[in-house]
Amino acid sequence: MSTPQLEKTYSPHDVEDRWYQRWIDAGLFHADPADPGQPYAMVIPPPNVTGSLHVGHALNNTLQDILIRWRRMQGRNVLWMPGTDHAGIATQNVVERQLQAEGTTRETLGRDEFLTRVWRWKEKSGGTIISQLKRLGASCDWERERFTMDEGLSEAVREVFVRLHQDGLLYRGERLINWCPRCLTALSDIEVEHEEITGKLYTIRYALADDPAQVLLVATTRPETLLGDTAVAVHPEDERYRHLIGKRVRLPLTTRAIPIVGDSILVDREFGTGAVKITPAHDFNDFEAGNRHALTRIKILDIHANLRLAGSMADPTVAQAVEGLPVAKARPKIEQLLTDQGLLEKSEPHKMALGKCYRCKTVVEPLLSDQWFVKIKPLAEPAIQAVEDGRVRIIPDAWKNNYLGWMRDIKDWCVSRQIWWGHQIPAWYCETCYGTPFLRRSSDGAPLIPSDAVAIVAKTKPDACPLGHRDALVQEPDVLDTWFSSALWPFSTLGWPKQTPELKTFYPTSTLVTGLDILFFWVARMIMMGLKFMGDVPFRDVYIHALVRDAEGQKMSKSKGNVIDPLHVMEQYGTDALRFTLAAMASPGRDVKLAEERIEGYRNFTNKIWNAARFLLMHLDGERIEVAPAQRSFPDRWILSRLNATIRTVTHELEQYRFDRASSAVYQFIWHEYCDKYIEMVKPALKNPNSEQAKSTRQTLAETYETMMRLLHPFMPFITEEIWQTLPHEGDSIVRRPYPTARQDWESQAAEEEFAILEECRELMNQERAILNYPAGKRLHFKVHGKTPEIREVLNKHKKLIEHMENVENLMVGSPQPNILELLTLTGDSVEPATSMQDAELEKVNENVTKQIETRGKEVARIRQKLDNPDFVAKAPSEVLTEQRERLERESRAIRLLEQARQQIGWYISERKRSPTS
Ligand SMILES: [Zn+2]
Ligand SMILES: [Zn+2]
């Protein structure tokens with residue numbers, strides 16, 4: 001029988017393309033609700049249809065794919081539901097930029113034509129991210145790929161909207177919302193990014209109307225908004241101002257006088273002057289205060305955030321100076337006008353948070369407008385409970401409090417957006433009932449629905465209004481927040497509102513893997529909507545992974561030039577190397593500091609795996625024999641026992657979402673135990689290919705290797721499939737083979753204990769060789785003392801193995817021989833190997849040892865200092881602490897051995913000086 005061959009070197013590129021296509025063709029990722037096995041389902045966090053794969057996606061999807069492949073191999077009925085998000089504002093921006101390049105605008109095109117253009121763009125370019133996820137090896141059920149605007153999901157959106165409305169959980173009203181003057185749409189609170197900047201704090205003089213000699217000093221960071229002030233507030237118990245409540249001040253730069261009100265909520269007596277202006281139409285706190293005191297709201301900004309002073313009664317000179325200007329240009333003019341009139345007391349630098357649109361980074365303005373809101377408290381309460389009682393587990397646990405804190409303080413969700421691309425709100429208004437036709441909005445021609453118009457909410461356009469008027473129904477022009485449809489993702493993708501077999505089998509899903517940045521945007525809302533509409537949580541576990549940063553821990557950004565492009569590194573090092581790197585670095589709660597060298601390092605790991613496979617194939621002869629594990633040689637029994645332990649560890653760690661520990665266990669086993677030690681140990685046995693021992697060793701080599709490939713497959717799907725196919729195996733693809741499970745008959749406590757003695761012996765021998773600076777190729781004589789008769793028996797039994805592994809001639813196992821000055825002896829826990837110092841350049845060796853003790857001593861002092869610092873111990877993650885303690889242990893042990901050596905070398909040197917002839 002001819003043995004299958006592997007190319008000399010591993011070339012990931014053609015292997016990856018070839019296998020991915022075969023997996024798809026064989027339908028290996030497809031889920032059938034009727035299949036046996038306990039369901040295991042996951043929904044992908046749908047990437048934006050405008051997206052292109054970045055390292056964040058790569059991390060997120062690698063971790064998901066590891067779980068999915070592992071569970072599939074475990075025999076679970078696995079579904080990984082893929083799809084994309086229509087990404088309202090982001091996608092509309094992309095197409096608008098294209099139109100701009102063509103010299104036209106969406107307003108010129110009109111709504112229908114514009115939407116046709118967006119769909120056309122989506123068909124052509126919207127699949128980019130999907131093909132990139134395939135390159136990453138993501139084993140999604142692509143036959144089920146969904147899009148948040150496809151027919152089924154849009155149906156689910158309308159159903160939810162109508163039901164929420166019926167239940168009194170949706171309302172339309174004039175409220176102050178965050179407004180992006182560039183995107184021309186409302187944003188929800190969490191769509192506003194806050195950036196700290198240094199602005200100015202202006203203190204302005206407001207004179208009393210009936211006694212202009214008396215002034216109230218009022219501080220503000222936005223002086224132009226004073227034109228919309230409708231009151232000044234002081235604390236009702238503030239002795240300085242209490243008597244002024246009920247009087248009026250003259251509003252600077254206008255002909256208006258406004259009241260002084262007492263408000264203990266808005267005013268902090270200790271802050272600033274203790275008097276604050278109230279601008280209900282342009283500030284969230286002032287809006288609330290305005291409601292408390294029934295103040296009028298004066299809008300001074302239009303939708304572009306340009307000043308419009310018609311309602312403000314501004315002085316004509318003021319109006320002339322700033323009318324129509326954007327805020328940024330108006331502010332210095334207002335400052336100048338105040339200065340000219342002697343109304344500016346002072347201005348000083350001031351740190352403040354500036355809100356920006358998360359899509360386009362334009363400064364967001366609070367704006368008064370008619371919007372749709374979800375009344376959120378009744379939805380939030382059950383979602384808080386579900387996390388509190390553990391029906392949804394948030395992992396790592398630390399993020400649970402973030403979730404609970406935010407949910408307990410949650411505000412109504414503004415769900416309407418003034419854009420075109422998205423789910424148009426299923427609400428209609430009757431113009432005939434209202435009495436007048438609705439005005440047109442100037443900017444995009446959409447109808448401007450009056451605040452008091454009554455909405456008819458329905459899944460489809462009603463034939464007539466309740467009074468029977470036909471032909472006069474106008475649909476709400478606004479669309480829904482993108483996150484409205486993604487909140488339904490775990491059940492809408494399974495066919496809801498229809499009761500499908502998929503829904504029955506796979507809901508609730510098992511796990512959600514996501515980044516922290518969308519905990520509120522998405523995760524919290526999915527929990528609320530799942531509980532409301534499915535009566536159950538959408539997933540059991542939420543695993544939150546960290547962010548990927550550069551090697552220095554800096555955020556990756558194009559401007560810094562520190563971006564690692566996953567497509568580029570996959571091309572260069574192979575997809576498996578990238579995946580393994582990301583998994584190995586995914587420690588909970590700690591950012592992934594990604595350096596290209598790490599990926600290169602794991603590329604070397606793939607080469608190591610490949611070379612081991614080639615070694616194995618060289619020795620396989622096609623003959624299959626069965627030797628019970630207990631009957632096999634010592635190295636065979638040892639590697640099977642280690643394999644068994646590794647299987648246990650990997651499985652346990654994956655169950656805890658410890659991708660870092662799981663991958664580290666596989667890596668340690670393959671590289672250090674199988675490749676470095678086991679293969680070396682069995683080389684002598686393989687030299688006589690017809691011996692019984694060689695046969696059983698070949699069996700173990702192959703059996704272990706095949707198991708190892710299945711163990712590694714979820715992390716490195718491509719190389720494992722390629723190699724697995726060349727090994728003796730059962731089945732068509734590794735993708736659906738069982739994941740290794742621990743086997744009692746592989747476990748051998750005795751083999752592991754014997755191995756530990758040999759390891760200690762070898763390690764000390766290596767150190768002696770290194771201390772004396774003898775080259776690896778030099779054959780040495782060693783005497784080894786075993787501390788007990790049992791240890792000596794083990795050493796005797798494996799004498800040949802030690803000689804082979806350590807390049808030793810005639811290993812002597814015996815009692816210690818004190819007072820032999822020429823021998824360097826290092827003392828371990830069970831053994832004391834000794835070798836001659838005669839051939840070493842001792843002066844140099846001595847110097848070296850002294851230097852090493854010094855460097856390591858410094859390191860030990862450094863670690864001790866850290867560990868003695870209660871602050872460090874309290875704050876450091878437990879892993880860092882363990883790592884530091886282990887390091888301290890290791891370094892201290894090395895110093896102990898080096899000191900033993902220094903003493904013996906010192907004696908020998910002085911002895912040689914005393915009797916130079918010896
Ligand atoms: Zn914007
Ligand atoms: Zn009507």
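Because the structure is a prediction, the values reported are computed rather than measured. (Residues numbered from 1 in each chain as written. Chains lettered and ligands numbered in written order. Predicted model: local features only at pLDDT ≥ 70, side-chain atom pairs only at ≥ 80, totals over all residues. Heavy atoms only, no water.)

## Side note on the overall build of the protein chain
For the record, the criterion: For the purposes of this entry, the term helix denotes a DSSP run of H or I that reaches at least four residues, the term strand denotes a run of E that reaches at least two, and both are numbered from the N terminus. The classification of residues rests on relative accessible area computed with a 1.4 Å probe and restricted to protein chains. Under 20% of the type maximum is buried, over 50% is exposed, and intermediate values are partly exposed. Note on definitions: a residue-residue contact is assigned when non-hydrogen atoms from the two residues lie within 4.5 Å. Computed with a 1.4 Å probe, the accessible areas rest on the Shrake-Rupley method; for each residue, only the protein chains presented here act as cover. When charges are counted, neither His nor the chain ends are considered; positive counts come from Lys and Arg and negative counts from Asp and Glu. To locate a charge, the coordinates of NZ of Lys, CZ of Arg, CG of Asp or CD of Glu are taken.
When you go through the protein chain residue by residue, the secondary structure sums to 30 helices and 31 strands. Each of the three principal axes of the protein chain carries a C-alpha extent, and together these read 115 × 70 × 50 Å. Sorting the 918 residues of the protein chain into buried and exposed places 54% on the buried side. A sequence separation of at least 24 residues applies to 77% of the contacts in the protein chain between residues at least 6 apart. Counting every atom, the protein chain has about 40,900 Å² of accessible surface; 49% of that belongs to carbon and sulfur. With 118 positive and 127 negative side-chain charges, the protein chain shows a separation of 1 Å between the mean positions of the two kinds.

## Digging into helix H25 (residues 749-771)
Selection rule: Expected helix span is given by 1.5 Å per residue-to-residue step, counting one fewer step than there are residues.
Given a rise of 1.5 Å per residue, 23 residues ought to cover 33 Å, and the 33 Å separating the end C-alpha atoms of H25 matches this to within 8%. Positive phi appears at Asn 773, one or two residues downstream of H25, with a value of about 60°.

## A word on the coordination of the zinc ion (ligand 2)
Selection rule: A donor here means any N, O or S atom no more than 2.8 Å from the metal (3.2 Å for Na, K and Ca); water is not included, so a site may seem to lack partners. Site shape is set this way: if four donors have all angles between 85 and 135 degrees, tetrahedral; if opposite donors are over 155 degrees apart and all others between 65 and 115, square planar for four donors and octahedral for six; otherwise irregular.
Around the zinc ion (ligand 2), the protein contributes the donor atoms Cys 430 (SG), Cys 433 (SG), Cys 465 (SG) and His 469 (ND1), at 2.1 to 2.2 Å from the metal centre. With four donor atoms in place around the zinc ion (ligand 2) and angles of 100 to 117° between them, the coordination shape is tetrahedral. What makes Cys 433 partly exposed here is its relative accessible area of 41%. Taking relative accessible area as the criterion, Cys 465 reaches 4% and is therefore assigned buried.

## Comments concerning the sheet that holds strand E21 (residues 455-457)
Under the convention used in this document: Think of it this way: DSSP has to see at least two bridges between two strands before they count as a pair. All axes here are fitted lines through C-alpha atoms, helices being fitted over the stretch that makes contact, and every angle between N-to-C directions spans 0 to 180 degrees.
Overall, antiparallel pairing links the three strands, which are arranged E21-E18-E22 in an open sheet. The open sheet has two free edges, formed respectively by E21 and strand E22 (473-475), since each of these has just one partner strand. Between one strand and the next, the sheet's axes are offset by a mean angle of 35°, whatever the strand orientation. Here three bridges tie strand E18 (residues 427-430) to E22, and the two strands are oriented antiparallel to one another.

## Topic: the packing of aromatic side chains
Counted only if it meets this: To pair, rings of Phe, Tyr and Trp, with the six-membered ring standing in for Trp, must have centres within 6.5 Å; the planes then decide the type, stacked if under 30 degrees apart, edge-to-face if over 60, and tilted in the middle. Our definition puts a charge over a ring when NZ of Lys or CZ of Arg is within 6 Å of the ring centre and also within 35 degrees of the ring normal.
Counted by the stated rule, this structure contains 33 aromatic pairs. A ring pair is formed by Tyr 20 and Trp 23, whose centres lie 6.1 Å apart and whose planes are at 70°; its orientation type is edge-to-face. With Tyr 20 and Trp 23 both in helix H1 (residues 12-25) and three residues apart, the pair spans about one turn of that helix. Assigned by exposure class, Tyr 20 and Trp 23 land together as buried. These aromatic residues form a ring-pair network of at least three members: Phe 580, Tyr 602, Phe 605, Tyr 667, Trp 671 and Phe 715. Positioned over the ring face of Phe 147 is Lys 122, at 4.1 Å from the centre of the ring.

## Digging into the sheet that holds strand E14 (residues 365-374)
Within a beta sheet, neighbouring strands are joined by backbone hydrogen bonds and run either parallel or antiparallel to one another. Pairing is antiparallel across the open sheet formed by four strands, whose spatial order is E6-E5-E14-E16. Two strands bound the open sheet, and with one partner strand each, they are strand E6 (185-187) and strand E16 (413-414). Bridge count for strand E5 (residues 170-180) against E14 is ten bridges, and the pairing is antiparallel. Looking across to E14, one finds that Ile 177 is bridged to Leu 367.

## Structural notes on the confidence of the model for the protein chain
Put simply, the rule reads: The pLDDT score gives, residue by residue, the confidence of the prediction method on a 0 to 100 scale.
Looking at the protein chain as a whole, the pLDDT averages 91, with 98% of positions reaching at least 70. Put simply, strand E19 (residues 439-440) is where the protein chain has its lowest mean pLDDT, 70, and strand E1 (residues 39-43) is where it has its highest, 98.

## Digging into the pattern of salt bridges
Selection rule: Whenever Lys or Arg places a side-chain nitrogen within 4 Å of a carboxyl oxygen from Asp or Glu, that contact is recorded as a salt bridge.
Applying the stated criterion across every chain yields a total of 69 salt bridges. Here Glu 102 and Arg 117 are joined by a salt bridge, their closest N and O atoms 2.9 Å apart. Placement of the pair is Glu 102 in the loop between helix H3 (88-101) and helix H4 (106-109) and Arg 117 in helix H5 (residues 111-125), with a sequence separation of 15 residues. Since its relative accessible area comes to 48%, Glu 102 is described here as partly exposed. For Arg 117, a relative accessible area of 15% gives the class buried. One salt bridge in this structure joins Glu 191 and Arg 417, with 2.6 Å as the shortest N-O distance. Taken as a pair, Glu 191 in the loop between E6 and strand E7 (192-208) and Arg 417 in strand E17 (residues 416-417) lie far apart in primary sequence, 226 residues in all. Exposure remark for Glu 191: the relative accessible area of 2% places this residue in the buried category. What makes Arg 417 buried here is its relative accessible area of 2%.

## Here we look at the packing of helix H11 (residues 377-388) against helix H12 (residues 399-408)
Let me state the cut-off plainly: Here is the rule for angles: anything less than 35 degrees is roughly parallel, anything more than 145 is roughly antiparallel, 65 through 115 is roughly perpendicular, and the remaining ranges are oblique. The crossing is said to be left-handed when, going from far helix to near helix, the turn is anticlockwise and less than a right angle, and right-handed when the turn is clockwise. Classes in brief: Ala, Val, Leu, Ile, Met, Phe, Trp, Tyr, Cys and Pro nonpolar; Asp, Glu, Lys and Arg charged; the others, Gly included, polar.
Running from amino to carboxyl end, H11 crosses H12 at an angle of 160°, the nearest separation of the two axes being 9 Å. For the element pair H11 / H12, the angle class is roughly antiparallel. The handedness of the crossing between H11 and H12 is left-handed. In this structure, H11 contributes Lys 377, Ala 380, Ala 383, Ile 384, Val 387 and Glu 388 to the contact, and H12 contributes Lys 400, Tyr 403, Leu 404, Met 407 and Arg 408. Of the residues that constitute the contact of H11 with H12, the class distribution is seven nonpolar, no polar and four charged.

## Concerning the coordination of the zinc ion (ligand 1)
Within the protein, the zinc ion (ligand 1) binds to Cys 180 (SG), Cys 183 (SG), Cys 357 (SG) and Cys 360 (SG); these donor distances fall in the range 2.2 to 2.4 Å. Coordination at the zinc ion (ligand 1) is tetrahedral, judged from the four donor atoms that bind it and the angles of 104 to 116° they form at the metal. Between consecutive donor residues of the zinc ion (ligand 1), the sequence gaps follow C-x2-C-x173-C-x2-C.

## Looking at the side chain of Arg 256
Heads up, the condition is: The definition of a polar contact used here is a pair of N or O atoms within 3.5 Å, where within protein one atom must be able to donate a hydrogen and the other to accept one, and adjacent residues in sequence count solely through side-chain atom pairs.
Positionally, Arg 256 belongs in the loop between strand E10 (248-250) and strand E11 (257-262). Of the side chains bearing the opposite charge, Asp 229 lies closest to the buried Arg 256, which forms no salt bridge; the N-O distance is 6.9 Å. Polar side-chain contacts of Arg 256 include one of 2.7 Å to the backbone oxygen of Asp 229. Within the structure, Arg 256 has its side chain in polar contact with the backbone oxygen of Ser 312 (distance 2.9 Å). Leave out the neighbours within four places in its chain, and Arg 256 touches Leu 226, Leu 227, Gly 228, Asp 229, Thr 230, Val 249, Arg 250, Leu 251, Ile 298, Ser 312 and Met 313.

## Structural notes on the side chain of Arg 222
Mapping Arg 222 onto the fold places it in the loop between strand E8 (211-220) and strand E9 (231-234). There is a polar contact of 2.5 Å between the side chain of Arg 222 and the backbone oxygen of His 282. For Arg 222, the side chain forms a polar contact with the side chain of Glu 365, separated by 3.2 Å. Apart from residues no more than four positions distant in its own chain, Arg 222 is found in contact with Lys 277, His 282, Asp 283, Arg 331, Glu 365 and Pro 366.

## Things to note about the nonpolar core
What counts is decided by this rule: Throughout, nonpolar core names a set of buried Ala, Val, Leu, Ile, Met, Phe, Trp, Tyr and Cys residues whose side chains join them through atoms within 4.5 Å.
The biggest cluster of nonpolar side chains holds 217 residues, and the ones touching the most others in it are Phe 484, Tyr 705 and Phe 715. Sequence-distant contacts of Phe 484, that is, excluding residues within four places in its chain, are made with Val 157, Val 160, Phe 161, Leu 164, Val 374, Trp 413, Val 415 and Met 529. Core analysis: the next-biggest nonpolar cluster, separate from the first, contains 41 residues, Ile 204, Val 218, Val 249 and Leu 251 among them.

## Describing the packing of helix H7 (residues 151-166) against helix H17 (residues 519-534)
Remark: H7 packs on H17, axes separated minimally by 12 Å, with the N-to-C direction vectors making an angle of 75°. In terms of orientation, H7 and H17 fall into the roughly perpendicular class. Of the residues in H17, those in contact with Val 160, Arg 163 and Leu 164 of H7 are Met 529, Lys 532 and Phe 533.

## Observations regarding the environment of Ala 464
By the secondary structure assignment, Ala 464 is in the loop between E21 and E22. Residues Ala 464 and Trp 428 lie 36 residues apart in sequence; the distance between their C-alpha atoms is 9.9 Å. Non-local contacts of Ala 464, meaning those with residues more than four positions away in its chain, are made with His 469, Arg 470 and Leu 473.

## Some details on the environment of Gly 574
Its place among the elements puts Gly 574 in the loop between helix H18 (566-573) and helix H19 (575-585). Classification of Gly 574 by relative accessible area gives buried; the value is 2%. Sequence separation between Gly 574 and His 13 is 561 residues, and the spatial gap between their C-alpha atoms is 6.7 Å. In this view, Gly 574 contacts Pro 12, Glu 16 and Val 569; residues no more than four positions away in its chain are not counted.

## Focus: unusual backbone geometry
In this structure, the amide linkage connecting Ile 395 to the following residue, Pro 396, adopts the cis form with an omega of 0°. Within the element layout of this structure, Pro 396 appears in the loop between strand E15 (393-395) and H12. Of note, the bond from Tyr 507 into Pro 508 is cis; its omega dihedral lies within 30 degrees of zero at -5°. Along the chain, Pro 508 turns up in the loop between helix H16 (501-506) and strand E24 (509-515). At Ala 87, a residue that is not glycine, the phi angle is positive and equals roughly 50°. Along the chain, Ala 87 turns up in the loop between strand E3 (83-84) and H3. Take Ala 87: its relative accessible area is 0%, and that puts it in the buried class. Not every positive phi belongs to a glycine, and Leu 184 is a case in point at roughly 55°. Its place among the elements puts Leu 184 in the loop between E5 and E6.

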